[in-house]
Amino acid sequence: MLKPQSTATRELVNLDGLWRFATESAVTSEPWNAVLDTPLEAAVPASYNDLFVDSAIRDHVGWVWYQRQVRVPRGWAGERVFVRFDAATHEGRVYVDGSLVAQHVGGYTPFEADITEHVQAGAEFRLTVGVNNQLTNVTIPPGSVTVRQDGKKTQTYFHDFYNYAGLARSVWLYSAPAVRVDDVTVVTGIDGGAGVVDYTVETTGSADVRVRILDAAGAEVATGEGATGTVRIDGVTLWQPGAGYLYDLVIEVLGEDGAVVDTYTQSFGVRTVEVRGTDFLINGEPFYFTGFGKHEDTAVRGKGHDNAYLVHDFQLLDWIGANSFRTSHYPYAEEVLDFADRHGIVVIDETAAVGLNLGVQGGLSGVGPKPSFSPETSNDETQAAHAQHIRELIARDKNHPSVVMWSIANEPASNEEGAREYFEPLVNLTRELDPTRPVTYALVMFALVNNDKIADLFDVLSINRYYGWYVFTGDLATAEQALEGELRGWIAKFGKPIMMSEYGADTMQGLHSVWDTPWSEEYQASFLEMYHRVFDRIDGFVGEQVWNFADFQTSPGIHRIDGNKKGVFTRDRRPKAAAHALRTRWTRIGTRKPSVD
Ligand code: BDP
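Residues numbered from 1 in each chain as written. Predicted model: local features only at pLDDT ≥ 70, side-chain atom pairs only at ≥ 80, totals over all residues. Heavy atoms only, no water.

Colleague: In this structure, what is going on with the overall build of the chain? I would like to understand it.
Modeller: The helix and strand inventory of the chain stands at nine helices and 32 strands. Here the C-alpha radius of gyration of the chain, 24 Å, is about what a compact globule of 597 residues would show, namely 25 Å. Looking at the chain as a whole, 58% of its 597 residues are labelled buried. The long-range share in the chain, meaning contacts at least 24 apart out of those at least 6 apart in sequence, stands at 72%. Summed over its atoms, the accessible surface of the chain is roughly 22800 Å², and 50% of this surface lies on carbon and sulfur atoms. Between the mean site of the 52 positive side-chain charges and the mean site of the 80 negative ones, the chain shows a separation of 3 Å. (Helix = DSSP H or I, 4+ residues; strand = E, 2+ residues; numbered from the N terminus. Rg over C-alpha atoms; globule rule 2.2 N^0.38 Å. Buried < 20%, exposed > 50% of the residue type's maximum accessible area, 1.4 Å probe, protein only. Contact = heavy atoms within 4.5 Å. Areas by Shrake-Rupley, 256 points an atom, 1.4 Å probe, with all protein chains shown as cover. Lys, Arg positive; Asp, Glu negative; His and termini not counted. Charge placed at Lys NZ, Arg CZ, Asp CG, Glu CD.)

Now the structure itself:
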């Protein structure tokens, strides 16, 4: 799905700002039919939960309403007019005045509606958006809603981060011509010193297409004719980890008289990704991932996208020597991937399929033990929602050179009955939609080499482990043996690349100890060092991503102190002691770990 942009033939109006806001209980049953009668205004983009000092809003389960007036620019007569939501978490319904124009399920992927028939150039309309935060056994991610005796709804979910909701990403109004670029896919290869660029442009209606490729300085380096084609870039500059060189594919759609009726520019990088034996190769060179699992999470904004945090987080990644991160546990804002493209940070792009596991959360949430895959829990309908989510993720992110792998789930119950039937079609779908990128999933601690049912379906084994934290707490010597034994078992059985996609210890900033005291800053550093000793003894190991980049908010519970504290940085991005040790190690590693003797 194309990201809206302003070009010679398209105009773009950003609708961020302050919108009228109310929960469903505070307004009439069809709030789109009138001006919302509410004293509240909510910032867009931002999750609504932490904006107001009102627990009835923070903990609200169900619909909330956002509304604003929008004027269509007067020059848009004769154009198609679209409204585009970068995300509505987790379900959105959009009304233009009294008309429903879009409905979308899935909280982290964009959707849009052609509203041309409902609006007039130069005139105002009322844009009302309902957003629902309910998670059920058939949503991705899953959860469950309970109605108490007093009628109040409460919700449980099976993932370890706060269920922030609302309009956390930008909203756009844009114009585009009736005959236009509808989609583009760019796949790149390398042939000696040349880049080989396969492109496929889809248009609305049949029209001639031509393309030009511009280098980063804006110089034309190649051209092509037709909606699909292959173009060579001689003397290509590759997109590399740490050096995110981008080209522009300028697409022009031609009218019957040969005049340009639409133009759209897709940036891309020339690079290849491949798994060979136990190596993960970028541009044919073994690549070693260093970095983090992250979250979109800041104070007050919740999951609201913020360019200041975007810049600062990438500065910190650079400072600490990290070359990559995983978009744990949902697709991040497109601005994040664009930034990673430009700055050469490698991304493992994850779906929002987190918590397909009632075994893990039994203890934490009080739900279970129930089978994770069954008609009452994750079932065919869940799988269909998961498939749709994968389609939308790949449609959105397929052209990002920074994205080198899809992670289609975090910690599913891959050790349980039904896991293979659930996952095999999803892995096949992912490969069909994108044959160019490896596919992985992050393995839960209960999924072991002798009971996991799906590892053989994937290209890379991404292991989440907490030896020394949830098990062998405070006993790093025993944890070290257990970790090494387990990792060697995976390598011996599968001969695939294996990486640590999560390892970390909760750490209270400012707590110090001369002992191996869990929660102290020293323990976090010793814990990570212990893991690194093990990684450095194992061949076939392709990366380490610490859990987590920064402290983040979770639902309340006795296992968490105002959120998860496994951050190497605090929630306001100050380094804990471990950050300095990681910096020493990762700046030394760069992109390639020295091989084991
Ligand atoms: C893993 C999850 C992650 C949690 C982490 C933890 O993948 O979302 O936050 O553990 O417990 O199970 O800190």
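Here the narrative resumes, following the displayed structure.
Colleague: Can you walk me through unusual backbone geometry in this structure?
Modeller: Most peptide bonds take the trans form, and the phi angle of most residues other than glycine is negative. Here the bond from Thr89 into His90 is cis, since omega is 10°, no more than 30 degrees from zero. For the bond from Ser328 to His329, the omega torsion is -10°, close enough to zero to count as cis. Secondary-structure assignment places His329 in the loop between strand S26 (324–326) and helix H3 (334–343). One non-glycine residue, Asp562, lies in positive phi territory at about 50°.

Colleague: Mind showing me how you'd approach the sheet that holds strand S16 (residues 194–203) here?
Modeller: By way of backbone hydrogen bonds, the strands of a sheet pair with one another, either parallel or antiparallel. Spatially, the three strands line up as an open sheet ordered S15-S16-S19, and their pairing is antiparallel. Because the sheet does not close on itself, it has two edges, and the strands there are strand S15 (181–191) and strand S19 (228–233). Geometrically, the sheet is characterised by an average inter-axis angle of 20° between neighbouring strands, direction not taken into account. Pairing of S16 with S19 involves six bridges; the strand directions are antiparallel. The residue bridging Val197 from the neighbouring strand is Val231, located in S19. (Pairing = 2+ DSSP bridges. Axes fitted to C-alpha atoms, helices over the stretch in contact; angles between N-to-C directions.)

Colleague: Before we go on, may I ask you to explain empty space enclosed by the protein in this structure?
Modeller: It is the rolling of a water-molecule-sized probe over the atoms that shows where space remains empty. Overall, the coordinates contain three cavities of 30 Å³ or more when judged by the stated rule. Around the largest cavity, the lining comprises 18 residues; the ones closest to its centre are Lys294, Glu296, Tyr309, Leu310 and Asp313. Broken down by element, the lining of the largest cavity gets its largest block of residues, four residues, from helix H2 (residues 307–320). Class assignment of the residues belonging to the lining of the largest cavity gives a composition of six nonpolar, five polar and seven charged. (1 Å grid on protein atoms, 1.4 Å probe; cavity = no way out; pocket = protein on both sides within 12 Å on 5 of 7 lines; lining within 4 Å. Points joined across faces, edges and corners; volume = space filled by probe spheres on them. Nonpolar A, V, L, I, M, F, W, Y, C, P; charged D, E, K, R; others polar.)

Colleague: Even after reading the chapter, I still don't get the domain arrangement of the chain, so can you show me in this structure?
Modeller: Often the size quoted for an interface is simply the accessible area lost on bringing the parts together. By the assigned domains, the chain splits into domain 1 (11–176), domain 2 (181–271) and domain 3 (274–589). Placing a centre on the C-alpha atoms of domain 2 and another on those of domain 3 gives a separation of 33 Å. Each partner contributes to the interface: domain 2 provides 20 residues, whereas domain 3 provides 19 residues. For the pair domain 2 and domain 3, the two sides together bury roughly 1300 Å², of which 53% comes from carbon and sulfur. (Domains from an automatic or database assignment. Buried area = accessible area lost by both parts, 1.4 Å probe.)

Colleague: Got a minute to help me understand helix H8 (residues 521–537) in this structure?
Modeller: For an α-helix, the turn length of 3.6 residues means that residues three or four places apart are oriented alike. Between its first and last C-alpha atoms H8 spans 25 Å; for 17 residues at 1.5 Å apiece the expected length is 24 Å, and the two agree. Looking at the buried positions of H8, the neighbouring elements they touch are helix H7 (476–494), strand S31 (498–502), strand S32 (541–547) and helix H9 (577–589). (Expected span 1.5 Å × (residues − 1).)

Colleague: Whenever I open this one, the site of the ligand confuses me. Can you help?
Modeller: Taken together, the neighbourhood of the ligand is formed by 13 residues, with Asp160, His329, Glu411, Tyr470 and Lys566 sitting nearest. Side-chain polar atom of Glu502 to an oxygen atom of the ligand: 2.8 Å apart, as the coordinates give it. For the ligand, whose free accessible area comes to 320 Å², the fraction covered by protein is 91%. Tallied by class, residues from the shell around the ligand come to four nonpolar, four polar and five charged. (Near = heavy atom within 4 Å. Polar contact = N/O pair within 3.5 Å; in protein donor to acceptor, adjacent residues only side chain to side chain.)

Colleague: Looking at this structure, how should I read the sheet that holds strand S7 (residues 91–96)?
Modeller: Spatially, the six strands line up as an open sheet ordered S3-S2-S5-S10-S7-S8, and their pairing is antiparallel. Each having just a single partner strand, strand S3 (41–44) and strand S8 (99–105) make up the two edges of the open sheet. Sheet twist, expressed as the average angle between the axes of neighbouring strands with direction ignored, equals 30°. Of the pairings in the sheet, the one linking S7 to S8 comprises six bridges and is antiparallel in character. The residue of S8 that forms the bridge with Glu91 is Val105.

Colleague: Help me understand the packing of H7 against H8 in this model?
Modeller: The N-to-C vectors of H7 and H8 enclose an angle of 35°; their axes lie 10 Å apart at closest approach. As H7 packs across H8, the resulting crossing turns out to be right-handed. Here H7 contributes Leu476, Ala479, Glu480, Leu483, Glu484, Leu487 and Arg488 to the contact with H8, which in turn contributes Tyr523, Ser526, Phe527, Met530, Tyr531, Arg533, Val534, Phe535 and Arg537. The residue inventory of the contact of H7 with H8, partitioned by class, reads 10 nonpolar, one polar and five charged. (Left-handed = near helix turned anticlockwise from the far one by under 90°.)

Colleague: Teacher, can you tell me more about the side chain of Thr440 here?
Modeller: With respect to the helices, strands and loops of the structure, Thr440 is situated in strand S29 (residues 439–443). Polar side-chain contacts of Thr440 include one of 2.8 Å to the side chain of Ser462. The residues touching Thr440, leaving out its near neighbours within four places in the chain, are Ile348, Met405, Trp406, Ser407, Ile408, Phe458, Val460, Leu461 and Ser462.

Colleague: So what exactly am I meant to see when it comes to the packing of aromatic side chains here?
Modeller: Each pair of aromatic rings is reported with the distance of its centres and the angle of its planes. Taken as a whole, this structure holds 40 aromatic pairs when the rule is applied. Centroid distance Trp32 to Tyr95: 4.1 Å. Interplanar angle 0°. Geometry classified as stacked. Within this pair, whereas Trp32 is found in the loop between strand S2 (17–23) and S3, its partner Tyr95 is found in strand S7, the two being separated by 63 residues in sequence. Comparing Trp32 with Tyr95 shows no difference in burial state: the two are buried. The interplanar angle of 20° and the centroid separation of 5.8 Å between the aromatic rings of Trp490 and Phe494 together place this pair among those described as stacked. (Phe/Tyr/Trp six-rings, centres within 6.5 Å; stacked < 30°, edge-to-face > 60°.)

Colleague: Please explain the pattern of salt bridges as it appears in this structure.
Modeller: Side-chain pairing between opposite charges can occur once the charged atoms of the two side chains come close. Counted by the stated rule, this structure contains 42 salt bridges. Taking the shortest distance from any N to any O, the salt bridge between Glu285 and Arg592 comes out at 3.6 Å. Pair noted here: Glu285 is in strand S24 (residues 285–286) and Arg592 is in the segment after H9, with a separation of 307 residues, a long-range link. If you follow the salt bridges from partner to partner, you end up with Glu480, Glu484, Arg488, Arg533 and Arg537 in one network. (Salt bridge = Lys/Arg side-chain N within 4 Å of Asp/Glu carboxyl O.)

Colleague: Just checking my understanding: could you explain the side chain of Asn564 for this structure?
Modeller: When you line up the elements, Asn564 lands in the loop between S32 and H9. Look past the residues within four positions of Asn564 in its chain and what remains in contact with it is Asp160, Asp506, Trp547, Asp551, Phe552 and Thr554.

Colleague: I'm lost on the environment of Val101 in this one. Help?
Modeller: Mapped onto the fold, Val101 is located in strand S8. Given a relative accessible area of 17%, Val101 falls into the buried group. Considered as a pair, Val101 and Arg68 are 33 residues apart in the sequence and their alpha carbons are 16 Å apart.

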